[in-house]
Amino acid sequence: MSDGGSQPFRIGLLGFGTVGAAFAELLAARAGHIEKITGLRPEIAGVLTRSRGSFDDVLEGSDLVVEVIGGLEPAREYVLRAMAAGRHVVTANKQLLSHHGEELWAAAREHAVQLRFEASVAGVVPVIRVFQESLAAAHIDRVHGIVNGTTNFILSEMARTGATYEDALAEAQRLGYAEADPTDDVNGKDAAAKMAILARLAFDTPVHLEQVVYEGIEHITADDMEYARELGLGLKLIGTAERVDGGLSVRVHPAFLYGGHPLASVSGPFNAVTVESDAITEITMSGPGAGGPQTASAVLGDVISAMIPPASTPETTERLEIVEDVESAFYLHMEVADRPGVLAQIAQVLGLQGASVKSVVQKGLGENARLVMVVHPILESKLFAAVDLIGRMDFLRAPPRAIRVIDETFE
Ligand SMILES: NC(=O)c1ccc[n+]([C@@H]2O[C@H](COP(=O)([O-])OP(=O)(O)OC[C@H]3O[C@@H](n4cnc5c(N)ncnc54)[C@H](OP(=O)(O)O)[C@@H]3O)[C@@H](O)[C@H]2O)c1
């Protein structure tokens, strides 16, 4: 505990919800330890919520500002004003950084203050630090991430119990892993914001949320999980950022993984990020992706870092073009009439687009006949053209479903 001799380090806390309250509690518990390692005594100097405090007073009385309000405004205005006033800022706000990152990082450089945001991606998993510091010199080729715990929990439940999407979502809400309104989690937008931030750091080029193509898990069926299991595949909502043809592709979509992929075993509400680079082969970081105490721990880690040496997010040096049409392997699920020649016709349409089939499973008979196949990597536009043609054939009983497969292992 303090002997009263250390200088105080005054923290202005914007937001006192799940993360803000957990942060205040954690700080109270760890203040003595932080004082020992930094020589400064951290304390909450002021709190702002919708019904409490004033921003000007909080700013005036603080050495550093923690922003855990969320959303774009007034968070953006407060963060900019805090930095303009010479305060370091720590934020957990992925929406803010994926929309206004370049403006905010430029302001941090201009005012020579730190803007730290470890908690904005993958909760307590220290991915931001790894990109900014440990891998700062690596030429990164690809980043894959499971960066939304809600969807990973839902997909894990569907795989584990055979539950429908709706039942698994209800279970996630019951356990507190999904919000009452889970829209931005299940439609992929939350993961897209996090991938925009990771891509910016990994590839040193500006990436805005609007440049990230995303697709959610709302249409995944228990059947898909079951059939894919027979092909040795497990389903995840995967964020990808990778170099493609001299440009950059950043996207989020459900994807099947073979068992040997480092992300295949990440289940429940956990997050994980895999980085691939020639020099390092592959590294994977994983851990809890959300939750008040976990996120607060990442925020407090940033506060301690800001209390010690300086760090800044440099201006980008690259201007990579964002590439939207990339090659992927696909799982195709088709409900078909049980009659001769069907497989041959499907194979012909796929063949005309240049798709080649890796494996096929034929399931059920009569009214239940289904074809499930995995197609080798092909330009996505070509695969979707083939799926469109297949969908118009009279032997199809329902629109075909196409889900990407990440066809890599690191053994
Ligand atoms: N929860 C998690 O597990 C988690 C994980 C990773 C990152 N994050 C990020 O952390 C941030 C905070 O999330 P949270 O879950 O703690 O949110 P939350 O529980 O909704 O709390 C938000 C807080 O901000 C305050 N606030 C909202 N609008 C305000 C305004 N206009 N002016 C002043 N105060 C305002 C609220 O005040 P009132 O109390 O008056 O409503 C509340 O205290 C978000 O950026 C979120 O994305 C959260």
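All values reported here derive from a predicted model rather than from experimental measurement.

Our next topic: the overall build of the chain. A count of helical and extended segments in the chain gives 13 helices and 15 strands. Relative to a compact globule of 411 residues, whose C-alpha radius of gyration would be 22 Å, the chain shows 24 Å and is just as compact. Principal axes of the C-alpha set define a box for the chain whose edges measure 85 × 45 × 40 Å. Taking all 411 residues of the chain together, the buried fraction comes to 53%. When contacts within the chain are restricted to residue pairs at least 6 apart in sequence, long-range pairs at least 24 apart make up 74% of them. Accessible surface, the chain: about 17600 Å² in total, of which carbon and sulfur atoms supply 50%. Of the side chains in the chain, 33 bear a positive and 55 a negative charge, and the two mean positions are spaced by 2 Å.

Where helix α6 (residues 149–161) meets helix α7 (residues 165–174), the axes come as close as 9 Å, and the angle between the chain directions of the two elements is 125°. The pairing of α6 with α7 is recorded here as oblique in orientation. Crossing hand, α6 versus α7: right-handed. Residues F153, I154, E157 and M158 of α6 touch α7, and the partners they reach there are Y165, A168, L169, E171 and A172. Broken down by class, the residue content of the contact of α6 with α7 amounts to seven nonpolar, no polar and two charged.

Between E73 and the following residue, P74, the backbone shows a cis peptide bond with an omega angle of 10°. Note on placement: P74 falls in the loop between β3 (64–67) and α3 (75–84). One non-glycine residue, D245, adopts positive backbone phi at about 50°. Looking at the secondary structure, you find D245 in the loop between β8 (233–244) and β9 (247–258). One non-glycine residue, T281, lies in the positive phi region at around 60°. Topologically, T281 is positioned in strand β11 (residues 281–288).

Taken across its twelve residues, β8 has ten buried, putting it largely inside the fold. Alignment of strand β6 (residues 140–146) against β8, held across four bridges, turns out to be antiparallel. In the sheet register, V143 faces β8, and the bridge partner there is A241. Pairing analysis gives twelve bridges linking β8 to β9, with the strands arranged antiparallel. Following the sheet pairing, L233 is matched in β9 by Y258. Connecting β8 to the antiparallel partner β9 that follows it, the hairpin turn spans two residues, and D245 within it adopts a positive phi of roughly 50°.

Another point: the packing of aromatic side chains. Summed over the entire model, instances satisfying the criterion amount to five aromatic pairs. When the ring of F153 is compared with that of Y177, the centres are 4.8 Å apart and the planes differ by 50°; the resulting orientation is tilted. Here Y177 lies in the loop between α7 and α8 (183–186) and F153 lies in helix α6, a separation of 24 residues in the sequence. According to the relative accessible area criterion, F153 is buried, its value standing at 7%. Ring plane angle 75° and centroid distance 5.5 Å describe the contact between F330 and F384, whose orientation is recorded as edge-to-face. With F330 in strand β12 (residues 327–335) and F384 in helix α13 (residues 380–391), the pair connects residues that are 54 residues apart, well separated along the chain. Positioned above the aromatic ring of F16, the side-chain terminus of R52 is 5.2 Å from the ring centre. Above the plane of the ring of W105 lies R200, whose end atom (NZ or CZ) is 4.7 Å from the centre.

Rules and cut-offs
Residues numbered from 1 in each chain as written. Predicted model: local features only at pLDDT ≥ 70, side-chain atom pairs only at ≥ 80, totals over all residues. Heavy atoms only, no water. Helix = DSSP H or I, 4+ residues; strand = E, 2+ residues; numbered from the N terminus. Rg over C-alpha atoms; globule rule 2.2 N^0.38 Å. Buried < 20%, exposed > 50% of the residue type's maximum accessible area, 1.4 Å probe, protein only. Contact = heavy atoms within 4.5 Å. Areas by Shrake-Rupley, 256 points an atom, 1.4 Å probe, with all protein chains shown as cover. Lys, Arg positive; Asp, Glu negative; His and termini not counted. Charge placed at Lys NZ, Arg CZ, Asp CG, Glu CD. Axes fitted to C-alpha atoms, helices over the stretch in contact; angles between N-to-C directions. Parallel < 35°, antiparallel > 145°, perpendicular 65-115°, else oblique. Left-handed = near helix turned anticlockwise from the far one by under 90°. Nonpolar A, V, L, I, M, F, W, Y, C, P; charged D, E, K, R; others polar. Pairing = 2+ DSSP bridges. Phe/Tyr/Trp six-rings, centres within 6.5 Å; stacked < 30°, edge-to-face > 60°. Lys NZ or Arg CZ within 6 Å of the ring centre and 35° of its normal.

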